[in-house]
Amino acid sequence: MRTRTPSRSPQKAAAPAFFDQPVEQPIHPQSAISANDFSVPEVRRILESADALEKENPLRRAHRLAKRRVALLFYESSTRTRTSFELAAKALGADTTLVSSLSSSIEKGESLKDTGITLKALGAECIILRSPWSGGPYVLARATGLPVLNAGDGMAEHPSQALLDLRTILQFLRIRSSAVNEKTLRGATITICGDILHSRVARSNALLLPRLGARVILCGPPALLPETAAGLAPNVTIERDCDAALRRSQIVMMLRIQAERLAGLQIDLDDYRTRYQANADRIAAHAPNALLLHPGPIIRGMEITSEVADGPHSGIAQQVHNGVPIRMALVLRALATRSAAKKGRRA
Amino acid sequence: MKPILIRGGRVLSPANHLDAPRDLLLRDGKIAAIENQGKIRGPDADVIEAKGLIVAPGFIDIHVHLREPGQGYKETIATGTAAAAAGGFTTVCAMPNTIPVNDTPEITRWMQAPDRGASARVLPIAAATRGSLGETLTDYAALQESGAIAVTDDGKPILGDDVMLQCLRAAAKLGLPVIQHAEDTRMTGGCSMNAGALAFRLGLRGMPVEAESSLVERDVALVAKVPNAHLHVAHLSTAKALNAVRAARQQGLHVTCEVTPHHFALNEDRIGPYDTNAKMNPPLRAESDRLAMIEGLLDGTIDAIATDHAPHAAHEKEQEFDRAPNGITGLETALGLAIQVLHVEPTARHKMPLAQIVALLTARPAAALELKGRGTLTPGAAADVTIFDPAERWTFRAADSLSKSKNTPFDGSQFQGRVRYTISKGCIVKQMSS
């Protein structure tokens, strides 16, 4: 038998910098991954920036991020979010490129980390990510050190959607962006109804709106809304009776049942429609003056009927419209230096 | 090989109720003598001055994944046992979820062959069913004959009542423990953490406590039907399952269990922003479950601290949380965590005595899996000795780990209690300068 000496790791020869293994980096502070990433004053600044950018002369606006490089990395299909982020980045003058899981090396098994490193090496200064995996943006942010804008990750979060929903709500309540503080939504109650369990939109809204003073009621059957959901934030409660929730609400947000994430869960759709569908009768009886929201895609005849979706109280198109200014503000925030960001707010 | 004289230390061997200043002489791979200090003359011996140190039986880890055969990129038997030696372990029980699964005497013998270059004794635990598919029993007698000390389908729990009953019956005839990773996988599909408010907040699917406790309860009911059956519950993580073990003991059933250092040191909050080094199975649980694990260690219900050392390559862990594999390395942090969490921390109202910690790393795991003659310091026993400084404060650096993999949530953690010498079969396999 031998006596072993304590082993020592071999001394590594100094290598040129470009041979260094990429190491984990801190999350870039101008990322937007969770609705909790923004302080209330930051929320106000983003809303003000969105207002200013929306009003700005498009030719001047296009100089703000002229020729800066923004990559859109989409592992899931998307209409609204992808188009509005792309239009937003282009409106600021940035070059954009879209990488989607089909038609890229992701199909060949390239990891998120390697895809991120590749995009960075190609000059991307900001990556907008949609991922089917909760927490995916953190992997990308740590791998690249770039500002990462979360365009929806798994069941976790969709912070830009929460901000554009907030803008829609403020417009409905006729509250100016500059007035936004911790008490702005005091007295306002928002019901979010439907498949809360699988909804990143519900989570981001339930994290954001109570911080501005709102009450959030979550509504849905136990299979799609576990009791643990009430732990999301203070001022978030659960109400199983849709009519009772509607009667207390000034704003109602309907959600789609996410068939692609049900994972074997059995839902009686007829029963679901009876209890939770936003139809003309239910809205007229319990929330005739409420603003009706839906992050889309809507399944007409399922969680919402055409009369309601196309009706006078529907804010659905306005939500989509607000996507571009909010996302302009987020892309600018991600890429702007401090002084440029200030100018953006003043514009 | 020169004899070794360990001089001036506090010898702590709970198996034979020894806790006293003693000198220890190791010769020809055996403990030659244990005497009052200054009594042993060993002019030809190498001397280890152990003043201020604890001299304990070599630690025994009854739950490690050494990844060989088949996944040498994560760990080999040589690197895994080097990490074991660094952590004070002289005996490790290797789980069968290798590639191929260790379900034959050939693989069982291969794992123990001298060519593997092990720095610690490797005691294989063989698969309970062929390919760990939960259908056909392996040949327990042949596996035992080739050195397997227990059977399990770790990671692929045996769900079928009939198959589990067959396992318990066949193992009982040979005196083999059946080890169960208690998880009703019908309740945990797509899950990657503990069920609860945090899982909801993070948008991750959660494993309910009942997935663990219901299978322990089922297994206990089956043990009650089989004379001489011995069930060992692997890496217990919930208060509810612990209570099921307590109840089984009160019925007089032969049910033993273990807990990992991470399940008594951490709760699910450690996941933070989706840290895959806090992803393991069973998952980190709620704080109340963590405290229940400490309670179970204190009151003796839990038989062993076992690490569930589960190395994975960096590229496997640097993924989205749901896609990253389960498990963390544990051999080199076990003692530090045990002393830090159970003995030192001011919140530890119990302040577990060092003798009890040593027992949970030596005599009690040896007794739990009936490893005869191990985990004790007595003349004639194997010269497996671990010497540690219970007062030394140190910082663990994953980069310095001897494991091939660095997947640990404890990188940069500060611990009290550090291994100074690990002696296996009379050879110093690890020596740490202070």
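All of these numbers come straight from a predicted model, not from anything done at the bench.

What counts and what doesn't
- Residues numbered from 1 in each chain as written.
- Chains lettered and ligands numbered in written order.
- Predicted model: local features only at pLDDT ≥ 70, side-chain atom pairs only at ≥ 80, totals over all residues.
- Contact = placed C-beta atoms within 7 Å.
- Helix = DSSP H or I, 4+ residues; strand = E, 2+ residues; numbered from the N terminus.
- Nonpolar A, V, L, I, M, F, W, Y, C, P; charged D, E, K, R; others polar.
- Pairing = 2+ DSSP bridges.
- Buried ≥ 20, exposed ≤ 12 C-beta atoms within 10 Å, placed from the backbone.
- Arc of directions from axis to C-beta.
- Domains from an automatic or database assignment.
- Axes fitted to C-alpha atoms, helices over the stretch in contact; angles between N-to-C directions.

Draft legend 1. Region of the structure containing the interface of chain B and chain A. In this assembly, 28 residues from chain B lie in contact with 27 residues from chain A. Those elements that place two or more of their residues in the side of chain B that touches chain A are α5 (197-202) and β19 (427-431) of chain B. It is β19(B) that provides the largest number of residues to the side of chain B that touches chain A, a total of five residues. Looking at the side of chain B that touches chain A residue by residue, the class counts come to 14 nonpolar, seven polar and seven charged.

Draft legend 2. Inspection of the pairing of strand β17 (residues 385-395) of chain B at higher detail. All names here are of chain B. Here strand β5 (residues 54-57) pairs with β17 via four bridges, running antiparallel. Residue pairing for β17: Ala56 is matched across the bridge by Thr386. Note: β17 against strand β18 (residues 414-424), eight bridges, orientation antiparallel. Counterpart to Arg393 in the pairing with β18 is Gln416.

Draft legend 3. Fine view of helix α4 (residues 112-121) of chain A. Residue and element names in this part refer to chain A. Among the residues of α4, Leu112, Lys113, Thr115, Gly116 and Leu119 are the ones counted as buried. Down the axis of α4, the buried set is contained in an arc of 165 degrees. They therefore lie on one face. Residues of α4 that are buried sit in contact with β1 (69-74), β3 (126-131) and α5 (136-144). Following α4 by one or two positions, Gly123 has its phi on the positive side, about 105 degrees.

Draft legend 4. Local environment of the domain arrangement of chain A. Residues and elements named next belong to chain A. The domains assigned to chain A are domain 1 (23-157 + 322-338) and domain 2 (159-319). Between domain 1 and domain 2, the C-alpha centre-to-centre distance is 25 Å. Taken together, the contacts link 29 residues of domain 1 with 24 residues of domain 2. Among the secondary structure elements, those contributing two or more residues to the side of domain 1 that touches domain 2 are α1 (40-55), β4 (148-153) and α12 (316-335). Top contributing element to the side of domain 1 that touches domain 2 by residue count: α1, with eight residues. Tallied by class, residues from the side of domain 1 that touches domain 2 come to 14 nonpolar, seven polar and eight charged.

Draft legend 5. Spatial organisation of the sheet that holds strand β8 (residues 121-124) of chain B. Residue and element names in this part refer to chain B. Strand order across the open sheet formed by three strands is β6-β7-β8, with parallel pairing between neighbours. Strands at the two margins of the open sheet, each flanked by one partner only, are β6 (59-64) and β8. Taken pair by pair, the neighbouring strands of this sheet meet at an average axis angle of 20 degrees, ignoring direction. Pairing analysis gives four bridges linking β6 to strand β7 (residues 89-94), with the strands arranged parallel.

Draft legend 6. Representation of the environment of Glu287(B) in the model. Relative to the elements of secondary structure, Glu287(B) occurs in helix α9 (residues 287-298). Glu287(B) sits 21 residues away from Leu266(B) along the chain, and the two C-alpha atoms are 8.0 Å apart.

Draft legend 7. Quick look at the pairing of β18(B). All names here are of chain B. The buried count for β18 comes to eight of 11 residues, which makes it a mostly enclosed element. Direction of pairing for β18 relative to β19: antiparallel, over a ladder of four bridges. Looking at β19, one finds that Tyr421 is bridged to Gln431. The hairpin formed by β18 and β19 contains two residues between the paired strands, and Lys425 there has a positive phi angle of roughly 50 degrees.

Draft legend 8. How the structure looks around the domain arrangement of chain B. Residues and elements named next belong to chain B. We note that the domain assignment places domain 1 (4-55 + 383-431) and domain 2 (58-368) within chain B. Measuring from the centre of the C-alpha atoms in domain 1 to the corresponding centre in domain 2 gives 25 Å. With 30 residues of domain 1 at the interface, the matching set in domain 2 holds 44 residues. Listing elements by their share of the side of domain 1 that touches domain 2, those giving two or more residues are β17, β18 and β19. The greatest single-element share of the side of domain 1 that touches domain 2, amounting to seven residues, is contributed by β18. A breakdown of the residues in the side of domain 1 that touches domain 2 according to their chemical character gives 14 nonpolar, 10 polar and six charged.

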